[in-house]
Amino acid sequence: MMKIKQCLLISFCLFSAAHLKGQDKAAGAYKEQYRPQVHFSPAKKWMNDPNGMVFYKGVYHLFFQYYPNATIWGPMHWGHAESADMIHWKQMPIALYPDSIGYIFSGSAVVDEHNTSGFGKNGKIPLVAIFCQHDPVGEKAGKDNFQTQSIAYSLDEGQTWTKYPGNPVLKNPGIKDFRDPKVMWYAPGNKWVMTLATKDRITFYSSPNLKDWTKESEFGADKGGHGGVWECPDLFPLQLDGKTHWVLLVSNNPGGPNGGSGTQYFIGDFDGKKFTTASTDTKWIDYGPDDYAGVTWANTGNRKVFLGWMSNWTYATQVPTEKWRNAMTVPRELALKQIDGSIFLTSAPVKELAQITLKPLNVAAKGNVNTPAYSSLPAQYILKFKVHNINDYSIALSNEAGEKLIIGYDKSKNRYYIDRTKPGKTDFNTQFAGTFFARRISSGPSSDIELIVDASSVELFADRGLSVMTGVFFPNKPYDHLQFQNDKGVIIKDVEILPLKSIW
Ligand code: FRU
C-alpha cells in the first residue's frame, strides 16, 4: 500500500513539474541537435507562419501554421503556444483543425471588446480568429475561388474555438491567391479593417461585426517588389515625433531581397479606407534569407511587436532537423526612424530577453583588441559591440571542422553581409549556401551591432535595428569559436558576450 502511495505521489510530482514547464518532457526533448534554445519551435512536426498573435489578460498567444502528422507542409491546422513574456513558451493543444471548407491557412485574432460579433455570452469577451480556408479539392479541380475567409471564436481565453456556422464570411471573387487576413479595430471609423493579400496587391475590407465585409480599396499593384505572390500582410500605426504613420508589411514569395521569401514594408497614410504612400523604393524588414510571413501582436497598445517565421520556402521542407521543422525569430519591437528625409522601420529584440540574459562573459580580448577571438562559447548568446571608423570588418563563427558563418560589412558597397558559403550541412538544397546582403541605411562613421546566436540561427541588428538580417545554419558541430577580422583601421569597442539561458 505504502509503495503504491509513494508511486502515485512520485508520478503526480512528475506530472505537475512537466505541466508547469508546460512541455513534452520526453527524454531529450528540446535538446536535439539544432534545436533552438531561445526561439520558439514546435515540440515536433512541421511549422510555418505565425498566426493569430494576440495579447489578452497577460498572455501572449501565438498560433501557427502547423501540420501535426509530418515534418513537411501538409493540411494546415493552427497550432497554439502561450507565453507570459514572449520568451518562454508553453505549447498548447491544436486550436483549429481543417474542415469541409478547407485547410486552416494564415490569419489573425482580435479581442472583440464591444462584442460587435455577438459571440460574447454572459459578459464574456470573445476572442475572434479570422483566417483563410484553402479548399484543396477546388484547387485540384482548377477552380480560382478555392481560398475564402472564415472566423471562429473563443470564450475561454483562446483555449477552445468554435467555428462560425455562417463560414466563409468572405467569399472569393475569382482570385487564386486570396488569403492571410489581418484584422484590426479602426477606432475613428468604429469598424474592423481587414488587410488581405490578393495576388499582386493588398485589398482592404471593412466590417461592423467581423461577419459582413465590404471592399474598400486596393493598394500596391504598381508599388514595391513583385518578384512573387503577395502574402501575410499587416497594417498598423506607429508614432514618430508626435506624428502617426501607417506601416504596411507585405511578405513576398519568391522575390525576397536575397532570393526566395522576404517581407517588404511601406510607410504611408491610412484613412480607414485607403492606404497611400509617397515612398518609391522597396524596403525590407529583414534582408536575411530567413525571416518570412512575420506580423505583429494584436492588443498590445502602442507597442508593436513583430515575430517572423525563421525560414525560407526555398528550402524550409528540407532543412536537416529530424523531429520538428522550423522556428520563429525572436520577438522584435518595431519603431520608426527618419534618415535623410526618408522614414525607415527599425527592429530591436524585445526587452523581455533580459530575463534569460546571464552575466557577461569575461571577454578580455586575446591578441589585438581590434581582432579579438573567443573560444568555448556558450551554445546561445548575444554578442554586442561598437564600431568606430567604419570600414570593412567581419566576424566568423566557426567550429573545429572549419565550418563557418561570416557576418561582416563591406564599405565599398556599403552593405552588411552574411556569408553562408561553408556553414556545415548545405547539400539538402542548392540554394542554401550563399552570401546575402543588406544595405547599410545609417550613414554615420560609428555603428552598434547586436547579434543573437542560437543553436542554428543568427540574427543581426545593425545600427540599432535599421539593417536587419536573419540566417539559419546547420553545422556538424556547434560553432564555439568567434573571431573578428579587421585590417582597415576599424575600431572595435565594448565587446560584450551575454550567454542566454535556455527557454525550455
Ligand atoms: C505563407 C503562406 C501563406 C499561407 C500559408 C499556408 O508562408 O503561403 O500565404 O496562408 O503559408 O501554410
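Residues numbered from 1 in each chain as written. Predicted model: local features only at pLDDT ≥ 70, side-chain atom pairs only at ≥ 80, totals over all residues. Heavy atoms only, no water.

A. Geometry of the sheet that holds strand β10 (residues 191-198). Read across the open sheet, the four strands follow the order β9-β10-β11-β12; overall the sheet is antiparallel. Two strands lie at the open edges of the sheet, namely β9 (178-186) and β12 (214-219), each paired on one side alone. Neighbouring strand axes in the sheet, compared pairwise and without regard to direction, differ in orientation by 25° on average. Both β10 and strand β11 (residues 201-207) contribute to a ladder of seven bridges, which runs antiparallel. Following the sheet pairing, M194 is matched in β11 by Y205. (Pairing = 2+ DSSP bridges. Helix = DSSP H or I, 4+ residues; strand = E, 2+ residues; numbered from the N terminus. Axes fitted to C-alpha atoms, helices over the stretch in contact; angles between N-to-C directions.)

B. Layout of the pattern of salt bridges. Per the stated rule, a full pass over the model turns up 24 salt bridges. Here D180 and R179 are joined by a salt bridge, their closest N and O atoms 3.9 Å apart. For the pair formed by D180 and R179, the shared burial category is buried. Across the pair E218 and R201 runs a salt bridge whose closest N-O atoms are separated by 2.8 Å. In this pair, E218 sits in strand β12 while R201 sits in strand β11, placing the two residues 17 residues apart along the sequence. Look at the salt bridges and you will find they share partners, linking D177, R179, D180 and E231 into a network. (Salt bridge = Lys/Arg side-chain N within 4 Å of Asp/Glu carboxyl O. Buried < 20%, exposed > 50% of the residue type's maximum accessible area, 1.4 Å probe, protein only.)

C. Structural view of the side chain of S106. Looking at the element boundaries, S106 is found in strand β5 (residues 103-111). S106 sits in the buried class, given a relative accessible area of 3%. Side-chain polar atoms of S106 contact the side chain of D49, separated by 2.7 Å. There is a polar contact of 2.9 Å between the side chain of S106 and the side chain of N51. Residues contacting S106, with those up to four places away along its chain left out, are D49, N51, Q65, W78, F131, C132, D180, P181 and C232. (Polar contact = N/O pair within 3.5 Å; in protein donor to acceptor, adjacent residues only side chain to side chain. Contact = heavy atoms within 4.5 Å.)

D. How the structure looks around the site of the ligand. Not every one of the 13 residues close to the ligand is listed here, only the nearest: D49, Q65, R179, D180 and W313. Contact between the ligand and S106: an oxygen atom at 3.2 Å from a main-chain N or O atom of the residue. When isolated, the ligand has an accessible area of 320 Å², and the protein chains bury 95% of it. Elements that contribute at least two residues to the shell around the ligand include exactly β1 (45-56), β5, β9 and β13 (229-240). Considered class by class, the residues forming the shell around the ligand number six nonpolar, three polar and four charged. (Near = heavy atom within 4 Å. Areas by Shrake-Rupley, 256 points an atom, 1.4 Å probe, with all protein chains shown as cover. Nonpolar A, V, L, I, M, F, W, Y, C, P; charged D, E, K, R; others polar.)

E. The arrangement of unusual backbone geometry in detail. Omega for the peptide link from N167 to P168 comes to -5°, which places this bond in the cis form. Counting through the fold element by element, P168 comes out in the loop between β8 (162-163) and β9. Although it is not a glycine, C232 adopts a positive phi angle of roughly 40°. Turning to its location among the elements, C232 is positioned in strand β13.

F. How the structure looks around the environment of S83. Mapped onto the fold, S83 is located in strand β3 (residues 77-83). Setting aside residues no more than four positions away along its own chain, S83 makes contact with G58, V59, Y60, H88 and W89. In terms of polar contacts, S83 uses its side chain to reach the side chain of D85, at 2.9 Å. A distance of 3.5 Å separates the side chain of S83 from the backbone nitrogen of I87, its partner in a polar contact.

G. Just the domain arrangement of the protein chain, in detail. Its domain assignment divides the protein chain into domain 1 (36-349) and domain 2 (358-499). With 31 residues of domain 1 at the contact, the number on the domain 2 side is 30 residues. Contact between domain 1 and domain 2 buries roughly 2600 Å² in total, counting both sides, with carbon and sulfur atoms accounting for 64%. On the surface where domain 1 and domain 2 come into contact, there are two salt bridges. Residues D290 and R420 are paired through a salt bridge, measuring 2.9 Å at the closest nitrogen-oxygen approach. Going through the elements one at a time, β21 (332-339) and β22 (342-349) are the ones with two or more residues in the side of domain 1 that touches domain 2. With five residues, β22 is the largest single contributor of residues to the side of domain 1 that touches domain 2. Residues belonging to the side of domain 1 that touches domain 2 are distributed by class as follows: 14 nonpolar, 10 polar and seven charged. (Domains from an automatic or database assignment. Buried area = accessible area lost by both parts, 1.4 Å probe.)

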